[in-house]
Amino acid sequence: EIHDGRKRVDITYVNEGRVGFFHWLSLHYPSALIFVECKNYGREIGNPELDQLAGRFSPSRGQVGILVCRSVEDEAALQSLCVDTAHDHRGFIVTLTDADVIALIDEVRGEGDRNHEFPTLRAKFTRLIT
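In this text, all values refer to a predicted model and were calculated from it rather than measured experimentally.

Parameters and conventions
Residues numbered from 1 in each chain as written. Predicted model: local features only at pLDDT ≥ 70, side-chain atom pairs only at ≥ 80, totals over all residues. Heavy atoms only, no water. 1 Å grid on protein atoms, 1.4 Å probe; cavity = no way out; pocket = protein on both sides within 12 Å on 5 of 7 lines; lining within 4 Å. Points joined across faces, edges and corners; volume = space filled by probe spheres on them. Helix = DSSP H or I, 4+ residues; strand = E, 2+ residues; numbered from the N terminus. Nonpolar A, V, L, I, M, F, W, Y, C, P; charged D, E, K, R; others polar. Buried < 20%, exposed > 50% of the residue type's maximum accessible area, 1.4 Å probe, protein only. Pairing = 2+ DSSP bridges. Right-handed = clockwise from strand over helix to strand, strands pointing away.

Engineer: Explain empty space enclosed by the protein here, please?
Structural biologist: Regions of empty space are outlined by a rolling probe, equal in size to a water molecule, passed over the atoms. Counted under the stated rule, the structure contains one cavity of 30 Å³ or more. The calculated volume of the largest cavity comes to roughly 50 Å³. Forming the walls of the largest cavity are Phe 21, Phe 22, Leu 25, Ile 34, Val 64, Gly 65, Ile 66, Val 94, Leu 121 and Phe 125. Within the residue set of the lining of the largest cavity, elements represented by two or more residues are α1 (20-28), β3 (64-69) and α5 (119-129). In terms of residue class, the lining of the largest cavity is made up of nine nonpolar, one polar and no charged.

In structure tokens form, the structure reads like this:
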């Protein structure tokens, strides 16, 4: 809960990264907390869902979130919305589908990503800032 329970976040992680992607993130972007919103929709994710997550950001809590959904039909359109949010200084939202979550698991399990680089997350974040 935030704002005395008037708003809720599905999952909140404290960013305590000492190496890898989350450490790098903490050095360059407000990311004390990482907010995660999970959408189990049968429809496309759009502005309302991004605005909901961006509404949880603040300078003290952090400006980084992850929106997890089952799938995306038009990934380019969703990416453009996320880039717009970043360019408008409303925060950085990385979207992950089921396939992306499986890729993250494979990165850690198969590659032995002990340095916590998370190439999938880094690539998605890089698209927001370039």
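Engineer: Can you walk me through the pairing of strand β4 (residues 92-96) in this structure?
Structural biologist: Along any regular strand the residues' side chains alternate between the sheet's two faces. Judged by how many residues are buried, β4 sits mostly within the fold: five of five residues are covered. Note that β3 and β4 share five bridges and pair parallel. Looking at β4, one finds that Leu 67 is bridged to Thr 95. In this region the chain leaves β3, passes through helix α3 (residues 75-87) and returns to the parallel neighbour β4; the handedness of that crossover is right-handed.

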